[in-house]
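In case you want the letters, here they are:
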Amino acid sequence: MRIPVLTIDGPSGAGKGTVSRLAAKKLGWHYLDSGSIYRSLAIALQNASVDLANENEIIIVAQAMVLEFECNDELVARLNGENITSQLGLESTGNLASQIAVLPDVRRVLLQKQQDFKRPPGLVADGRDMGTVVFPDAENKVFLTASAAKRAERRYKQLIEKGIDANLVDIRNEIEERDRRDMERKAAPLVIACDALYIDSSDMAIEAVVEKVLNLIR
Ligand code: C5P
């Protein structure tokens, strides 16, 4: 039986997580937050004090890590049995994740871990290379983006709401640096799959984006 896959790729802060989670809930499908796999590896490397220049060591840690994700209202992540949910969302974790995501061998090791999420009745997969590399045969692909200014503003609001001190200019600079790294890397760069529906969410409400994505499947 063919298992349907909906891929949602795009830069950080475009709303992929929220849109993917809502779409998965409406469809009753599984959800893969592929960024959290790169983030989990970043945490594993930090915990093991691995030097980022030591690629062999990074690969050994990537191969050995056991990840469990529970996705109810909130995502709960465990790395080798330890709850790492609170560390997962930190800006520092995202920045470290994007530095190790440039390594082709790291991407190779994490590929199967991501493909294992494809189970009946279907999967919504969110990331940078879901439609181009991890699930190239997916029948439904979306590229979701928004202007850097809008993405920075959204991220700033999220952090302030959580009571975390934040600076809008720093956030925008970090977002632009992460975009550059994700788009310019040689291994699986962030590109728009030729068969993807392009959505710019800068001036759209989240519900309207979800509706547009679900229409693609209907
Ligand atoms: O999406 P999120 O911000 O959680 O991803 C963290 C980092 O992991 C990204 O900046 C990107 O470098 C990397 N990533 C990736 N491929 C994916 C998902 C995330 O390279 N499919």
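Counting of residues starts from 1 at the beginning of each chain's written sequence and follows it residue by residue. Thresholds applied to this predicted model are a pLDDT of at least 70 for local features of residues and 80 or more for the giving and counting of side-chain atom pairs; totals over whole chains, interfaces and linings are not thresholded and use all residues. Excluding hydrogens and water, the side-chain figures rest on all heavy atoms present in the structure.

Chemist: Mind showing me how you'd approach the overall build of the chain here?
Modeler: Here a helix means four or more residues in a row that DSSP labels H or I, a strand means two or more in a row labelled E, and each is numbered from the N terminus. The helix and strand tally for the chain stands at ten helices and eight strands. Over its C-alpha trace the chain gives a radius of gyration of 17 Å, about what one expects of a compact globule, namely 17 Å for 218 residues. Here the C-alpha coordinates of the chain stretch approximately 45 × 45 × 35 Å along the principal axes. Here's how the labels work: a residue is buried when its accessible area is under 20% of the maximum for its type, exposed when over 50%, partly exposed in between, all with a 1.4 Å probe on protein chains only. Buried residues in the chain amount to 45% of all 218 residues. Only heavy atoms matter for contacts: two residues are in contact if any of them lie within 4.5 Å across the pair. Partitioning the contacts of the chain with sequence separation of at least 6, the portion at a separation of at least 24 is 74%. For accessible areas, the Shrake-Rupley method is used with a probe of radius 1.4 Å. Any residue's cover is judged against the shown protein chains and nothing else. Carbon and sulfur atoms make up 50% of the accessible area of the chain, which amounts to about 11,000 Å² in all. Lys and Arg are tallied as positive, Asp and Glu as negative. Neither His nor the chain termini are counted. Lysine's charge is taken at NZ, arginine's at CZ, aspartate's at CG and glutamate's at CD. Across the chain, 28 positive and 32 negative side-chain charges occur, with their mean positions spaced 4 Å apart. C-alpha atoms define the radius of gyration in this analysis, and the globule rule sets the expected value at 2.2 Å times the number of residues to the power 0.38.

Chemist: Mind showing me how you'd approach the site of the ligand here?
Modeler: In these notes, residues near a molecule or strand are those with any non-hydrogen atom within 4 Å of it. The full set close to the ligand counts 15 residues, and R39, R107, D129, D182 and R185 are the nearest of them. Side-chain atoms alone can form a polar contact between residues adjacent in sequence; in general such a contact is a pair of N or O atoms within 3.5 Å, and within protein one must be able to donate a hydrogen while the other accepts it. In the model, a nitrogen atom of the ligand is placed 3.0 Å from a nitrogen or oxygen of the S34 side chain. R128 is positioned such that a nitrogen or oxygen atom in its side chain is 2.9 Å from an oxygen atom of the ligand. Bound to the protein, the ligand loses 95% of the 460 Å² it would expose on its own. Elements with a contribution of two residues or more to the shell around the ligand: helix 2 (34-47), helix 5 (91-100) and helix 9 (168-184). Each residue gets one of three labels, nonpolar for Ala, Val, Leu, Ile, Met, Phe, Trp, Tyr, Cys and Pro, charged for Asp, Glu, Lys and Arg, and polar for the others, Gly among them. Classifying every residue of the shell around the ligand gives four nonpolar, four polar and seven charged.

Chemist: What is the right way to read the pairing of strand 6 (residues 123-127) from this model?
Modeler: Regular strands place their side chains on alternate faces of the sheet. Most of strand 6 is tucked away: five of the five residues are buried. In strand 6, alternate side chains face the same way, and those of L123, A125 and G127 on one face and V124 and D126 on the other are all buried. Of the strand pairs in this sheet, strand 1 (residues 5-9) and strand 6 are connected by five bridges, and their pairing is parallel. Looking at the pairing, I8 lines up with D126 of strand 6. The sheet contact formed by strand 2 (residues 30-33) and strand 6 spans four bridges and is parallel. In the sheet register, H30 faces strand 6, and the bridge partner there is L123. Two strands make a pair as long as DSSP finds a minimum of two bridges between them.

Chemist: Honestly, helix 3 (residues 55-64) in this entry has me stumped. Any pointers?
Modeler: Given 3.6 residues to a turn, an α-helix orients residues that are three or four positions apart in the same direction. Looking only at helix 3, the buried set comprises I58, I59, V61 and A62. Take helix 3 and look down its axis: the buried residues cluster within an arc of 165 degrees, on one side only. In helix 3, the exposed positions angled more than 90 degrees off the buried face are occupied by N56, Q63 and A64. As used here, the arc belongs to the directions running from the helix axis to the C-beta atoms.

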